[in-house]
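Take a look at the letters that make up each chain.
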Amino acid sequence: FLLRFAVLWVPLLQLPIETLIVMILYSATTHVNVKSHPWMGIMEWIFVTPRFHCIHHCSNSKAQGKNLGGMFTFFDKIFGTYVNPDIINLEEEEFGLGDEKITTKMIVGI
């Protein structure tokens, strides 16, 4: 919600444009493919890391519809969509859409 409508609320709250830029860059970094490091587990108490975020992209049925947060992990914990990345072996998981065809709706994100 914060990122999707940031173009509206950043100017309404008279926040500097740098706020929007930082939010967009942060969102992009959650999708990078990096090796997990111990400091990520500490950061995940509050902030989404690539390790935390990639859970909802894997094919594991336990992870479907989980770890949806874009910036903060506590929303997933509050709303029951949290899965601890330590319980899923990311090395053995498959990621992506499988055989599902990519549609314009998926690309646009609506």
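A. Helix α2 (residues 17-29), seen in detail. With 13 residues, α2 should cover 18 Å at 1.5 Å per step; its first-to-last C-alpha distance of 19 Å lies within 8% of that length. Within α2, the full set of buried residues consists of Leu20, Met23 and Tyr26. One face of α2 carries all of its buried residues, which in axial projection span an arc of 130 degrees. Exposed side of α2, more than 90 degrees from the buried face: Ile17, Val22, Ile24 and Leu25 are the residues found there.

B. Focus on a nonpolar patch on the surface. Judged by side-chain polarity, Trp39, Ile42, Met43, Trp45, Ile46, Phe47, Phe74, Phe75, Ile78 and Phe79 come together as a nonpolar surface patch covering roughly 1100 Å² of accessible area. Looking at which element gives the most residues to the nonpolar patch, the answer is helix α5 (residues 74-79), with 4 residues. Secondary-structure assignment places Phe74 in helix α5.

C. Layout of the packing of aromatic side chains. Counting across every chain of the model gives 5 aromatic pairs. Relative to Phe75, the ring of Phe72 lies with its centre 6.4 Å away and its plane at 65 degrees, an arrangement referred to as edge-to-face. Given a relative accessible area of 39%, Phe75 falls into the partly exposed group. On the basis of an interplanar angle of 45 degrees and a centroid distance of 4.7 Å, the ring pair of Phe74 and Phe75 is categorised as tilted. On the basis of relative accessible area, Phe74 is assigned to the partly exposed category, the value being 32%. By the ring-pair criterion, three or more aromatic residues cluster together here, those being Phe47, Phe72, Phe74 and Phe75. The lysine or arginine in question, Lys77, covers the ring of Tyr82, its NZ or CZ lying 5.1 Å from the ring centre.

The rules we used
Residues numbered from 1 in each chain as written. Predicted model: local features only at pLDDT ≥ 70, side-chain atom pairs only at ≥ 80, totals over all residues. Heavy atoms only, no water. Helix = DSSP H or I, 4+ residues; strand = E, 2+ residues; numbered from the N terminus. Expected span 1.5 Å × (residues − 1). Buried < 20%, exposed > 50% of the residue type's maximum accessible area, 1.4 Å probe, protein only. Arc of directions from axis to C-beta. Patch = residues over 30% accessible without salt bridge, like charges linked within 9 Å, V, L, I, M, F, W, Y side chains within 5 Å. Areas by Shrake-Rupley, 256 points an atom, 1.4 Å probe, with all protein chains shown as cover. Salt bridge = Lys/Arg side-chain N within 4 Å of Asp/Glu carboxyl O. Phe/Tyr/Trp six-rings, centres within 6.5 Å; stacked < 30°, edge-to-face > 60°. Lys NZ or Arg CZ within 6 Å of the ring centre and 35° of its normal.

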